[in-house]
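Topology and contacts: notes
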Amino acid sequence: MTLVTIAKNEAKRLPLFFRCNSKHVSRTVVLADVDSKDATLKVARELTEHVFPVRFQDSFSDLLNLAIRVGFSFGERPVIWLDCDEMILSAKSWGRLFDHKCQKPVMALRRRRWADLEMTKLVEGGPDWQTRVFNGNPIPTFHRRLHPYLKDVEVIRIEDGIWIEHFHDSKTKREIEARQGLYKRLAKLDQIAVEGGQSLDSFCTCAHARSNHLGAFGYCKPPFACQICGCGEFR
């Protein structure tokens, strides 16, 4: 099993993420945002040799599709994606996850949100279901810049006690406002695309992706030039 995560400004979280999750998988792959304001890239390289520099280009689906395909490039299935503030803490849960790995191409896990690392206070609004386990055949494609979703794909829910533990931390008013501003901007871009009859697929079709692809997946090899160039050629 290959674990993938996408990290921006996550230098403090990455060590705990690796301690809790990486011992259960064959490898952990980090897509580290080069625009991080902290030492995310440096810390990631200290923790794993599988670090790929990327740059966020106004699409969460773009990075997620890239992360999954990089995970599959190592030749093992399944690929599981977790955020840097998410963990599967129970070894029994990882064992159950392996039991399920041959069932369906795409599977969802339950997630509950905690307000503290001691897990004494649940955040209202949970638990929820998150699509996180991928076996390929075919490799799925997420759509939409904000709130990625899968279209015409059957997602199987695993309901036998496997939990993703999501740890919220306190953010400053400025950080919250910046995140809200980003969400509003991406939602507007999605709205413009829909109204203009454009696809919400996030594959990059720039010259880099066409001529320097990663395996058969149509994505650039490290350092993922189509992410870096910001050409905006999407189909």
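Basis of the calculations
Residues numbered from 1 in each chain as written. Predicted model: local features only at pLDDT ≥ 70, side-chain atom pairs only at ≥ 80, totals over all residues. Heavy atoms only, no water. Phe/Tyr/Trp six-rings, centres within 6.5 Å; stacked < 30°, edge-to-face > 60°. Buried < 20%, exposed > 50% of the residue type's maximum accessible area, 1.4 Å probe, protein only. Lys NZ or Arg CZ within 6 Å of the ring centre and 35° of its normal. Salt bridge = Lys/Arg side-chain N within 4 Å of Asp/Glu carboxyl O. Helix = DSSP H or I, 4+ residues; strand = E, 2+ residues; numbered from the N terminus. Pairing = 2+ DSSP bridges. Contact = heavy atoms within 4.5 Å. Core = buried A, V, L, I, M, F, W, Y, C linked by side-chain atoms within 4.5 Å.

**Description of the packing of aromatic side chains**
For the structure shown, the criterion picks out two aromatic pairs. Judged by centre distance (6.0 Å) and plane angle (70°), the ring pair of F17 and F18 falls under edge-to-face. Pair check on accessibility: F17 and F18 agree, each one buried. Between F134 and F142, the ring centres sit 6.0 Å apart and the planes meet at 80°, which makes this aromatic pair edge-to-face. Residue class for F142 comes out buried when judged on its relative accessible area of 5%. Above the face of the W163 ring, R112 is positioned so that its terminal group lies 4.3 Å from the ring centre.

**A look at the pattern of salt bridges**
For the structure shown, the criterion picks out nine salt bridges. Two residues, E10 and R13, come together in a salt bridge whose shortest N-O distance is 2.9 Å. D128 is paired through a salt bridge with R113; the nearest N and O atoms lie 3.1 Å apart. Residue D128 is located in strand β7 (residues 128–134), and its partner R113 is located in strand β6 (residues 106–114); the two are separated by 15 residues in the primary sequence. Residue class for R113 comes out partly exposed when judged on its relative accessible area of 23%. The network of salt bridges with shared partners includes E86, R111, R113, D128 and R132.

**Describing the pairing of β6**
Relative to β7, β6 runs antiparallel, the two sharing six bridges. Its bridge partner being in β7, R110 is matched across the sheet by W129. Both β6 and strand β10 (residues 156–157) contribute to a ladder of two bridges, which runs parallel. Its bridge partner being in β10, A108 is matched across the sheet by R157.

**Some details on the environment of W129**
By the element assignment, W129 lies in strand β7. Since its relative accessible area comes to 26%, W129 is described here as partly exposed. Taking the C-alpha atoms as reference points, W129 and M107, 22 residues apart in sequence, are found 9.9 Å from one another. What W129 contacts, discounting residues up to four positions off in sequence, is A108, L109, R110, R157, I158 and E159.

**Section: the nonpolar core**
Counting 26 residues, the largest nonpolar core has L14, I80, I88, W94, L97 and L109 as its most contacted members. Secondary structure elements with two or more residues in this core: β1 (2–7), α1 (14–21), β2 (27–33), α2 (40–47), α4 (91–99) and β6. Take this core: its biggest share by element is three residues, from α1. F52, L66, W81 and L186 belong to the second largest nonpolar core, which has 23 residues in total.

**Remarks on unusual backbone geometry**
It is generally the case that most residues other than glycine have a negative phi and that most peptide bonds are trans. Here the bond from R77 into P78 is cis, since omega is 0°, no more than 30 degrees from zero. Within the element layout of this structure, P78 appears in the loop between α3 (60–72) and β4 (79–81). Positioned with a positive phi, R144 is a non-glycine residue whose angle comes to about 85°. Topologically, R144 is positioned in the loop between β8 (142–143) and β9 (149–150). Look at R144 and you get partly exposed, because its relative accessible area is 29%. Unlike most non-glycine residues, D152 shows phi in positive territory, near 60°.

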